[in-house]
Amino acid sequence: MKRTIAAIFVSVIILLAAACNSSTSGGSPDAQANDKQADTVTLKFFHRWPSEPRNSYFNSIVKEFENQNPGVKIEMEAVLNDSYKEKIKVLVSSNNIPDVFTSWSDTFAENLVSSGKVKDVSSMYSSDPNWANNIIPSQIKPFTFNGKTYGVPFTMDGKAFFYNKKAFDKAGLQKPKTWEELIAALDKLKSSGYDTPLIEGLQNTWAISHYLGTMTQRMISPDVIAKDYQAQTGQFTDPGYVKVLEYWDKLVSYMGPNATSIDHEAARNLFIAEKVPVMYMQFAELGYLTKNADLQFDFFNFPAFAEGKGNPAALTGAPEGFMISNVGKHQELAEKFVKFIVSPDNAAKFQKDAGAMTVVKGSATADNSPKGTLQAIDVILNATETSPWQDNALNITVADAFMKGGQSMAAKSKTPQQVMDDVQKAAKALHNAK
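Residues numbered from 1 in each chain as written. Predicted model: local features only at pLDDT ≥ 70, side-chain atom pairs only at ≥ 80, totals over all residues. Heavy atoms only, no water.

Right, let's talk about the sheet that holds strand β10 (residues 297-300) for a bit. Strand order in the open sheet formed by four strands is β8-β9-β7-β10, with mixed pairing between adjacent strands. The open sheet has two free edges, formed respectively by β8 (198-199) and β10, since each of these has just one partner strand. Sheet topology places strand β7 (residues 159-164) next to β10; four bridges connect them, and they run antiparallel. The residue bridging Phe161 from the neighbouring strand is Phe300, located in β10. (Pairing = 2+ DSSP bridges. Helix = DSSP H or I, 4+ residues; strand = E, 2+ residues; numbered from the N terminus.)

This is how it looks when you write it as structure tokens:
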């Protein structure tokens, strides 16, 4: 009996010891999960590419980075262009700024930098030349302000008129080099059976800004633009602005009755289906054109204006990339994540999956790129001058006046002078706000 009681006592002691040991080493599944959660480092990543194929690309990139870095969780959010512009400005001005986020370059990036919450990443380049030397140097400059670099470029882009080669050949047309030649080509295409020789989805005001920005760069003196595009000094009184809008009105007349009721994607699909022979598009859209294997296309830069005072060979376009918060808790990890994306392997993957060009040298090849990509890269790198997107170069209230004004003109509800009256009023309001 004594032996039985002793055995029971020993068993109880062993069970108690095991329970204590279990408690100190993690305890219940819930407790272990809480411990694991406490050890997880979370990075917030915000970008503007929620649509396919870029959405799938970033999902795979995030998953791979998490796999290579146990204990790291990437909390990713994405919204489309216009919503992104508004939301990132709010986030950067708040205490909820993402650790890593995308940004357009030039003035848009500079405005974010002015918040004081964007990290100076100059040391990323200087401390790791093996990584930095993979990036095309000219694409870093648009993220550099007052001698400091605040972003890492990833994509590069340009804007050009894409045209259907079969339609041009049938009409006996060559690439237009002047405004007059462009209008003559559109007239010839219209007379050859295309009721709508040119198309754009005018529901998207950003697409209008791409037209107006390029035309303004061609028409107006660079000195005047430099002054007008600054919020403190913009006047927009040069008569060339009205002329640009008159030319815009002429282009809209070739876009047919449906342009105001469709978006850019729908317009692009009409070009891909060979329903419309000419469209002003970004090189980043080359991947979409492969939907029609029979489509034969080429492109040409926006033609010159005879009375223009700007560089007629300039290319509208700019790089886009990543910025890092300088108030985040995990800035070193954020830099590691950005370097992971902007690396030769993942840039080549982006080129293949998304069909869009990156700033990483050699990432685009004939094997992994849509037709026309290598030609487009040459155009971008050899451009004598690049001009940023107008909706990013201007203060948003002035840009809205241009974009919505261009939209109103297409709907025949405003004249060029009325649009410029609105632009001047918006610019003056910025002076009064200072």
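From this point, things continue past the structure.
Between two packed helices, the angle of one axis relative to the other and the distance separating the axes together describe the packing. Contact pair helix α3 (residues 54-68) / helix α14 (residues 331-341): the axes reach a minimum separation of 11 Å and the direction vectors enclose 125°. Judged by the inter-axis angle, α3 sits oblique to α14. Crossing geometry of α3 relative to α14 is assigned as right-handed. Of the residues in α14, those in contact with Tyr57, Phe58, Ile61, Val62, Glu64, Phe65 and Gln68 of α3 are Leu333, Lys336, Phe337, Phe340 and Ile341. The residue inventory of the contact of α3 with α14, partitioned by class, reads nine nonpolar, one polar and two charged. (Axes fitted to C-alpha atoms, helices over the stretch in contact; angles between N-to-C directions. Parallel < 35°, antiparallel > 145°, perpendicular 65-115°, else oblique. Left-handed = near helix turned anticlockwise from the far one by under 90°. Contact = heavy atoms within 4.5 Å. Nonpolar A, V, L, I, M, F, W, Y, C, P; charged D, E, K, R; others polar.)

Attention now moves to the pairing of strand β9 (residues 278-282). Among the five residues that make up β9, five are buried, leaving the element largely enclosed by the rest of the structure. Burial along β9 is two-sided: Val278, Tyr280 and Gln282 and Met279 and Met281, pointing in opposite directions, are all buried. (Buried < 20%, exposed > 50% of the residue type's maximum accessible area, 1.4 Å probe, protein only.)

A few words now on the packing of helix α9 (residues 179-191) against helix α12 (residues 240-252). It is at 11 Å that the axes of α9 and α12 come closest, and there the two elements cross at 20°. Between α9 and α12, the crossing angle belongs to the class labelled roughly parallel. In terms of crossing hand, the pair formed by α9 and α12 is left-handed. Together, Trp179, Leu182, Ile183 and Leu186 of α9 and Tyr247, Lys250 and Leu251 of α12 make up the contact between the two elements. Class assignment of the residues belonging to the contact of α9 with α12 gives a composition of six nonpolar, no polar and one charged.

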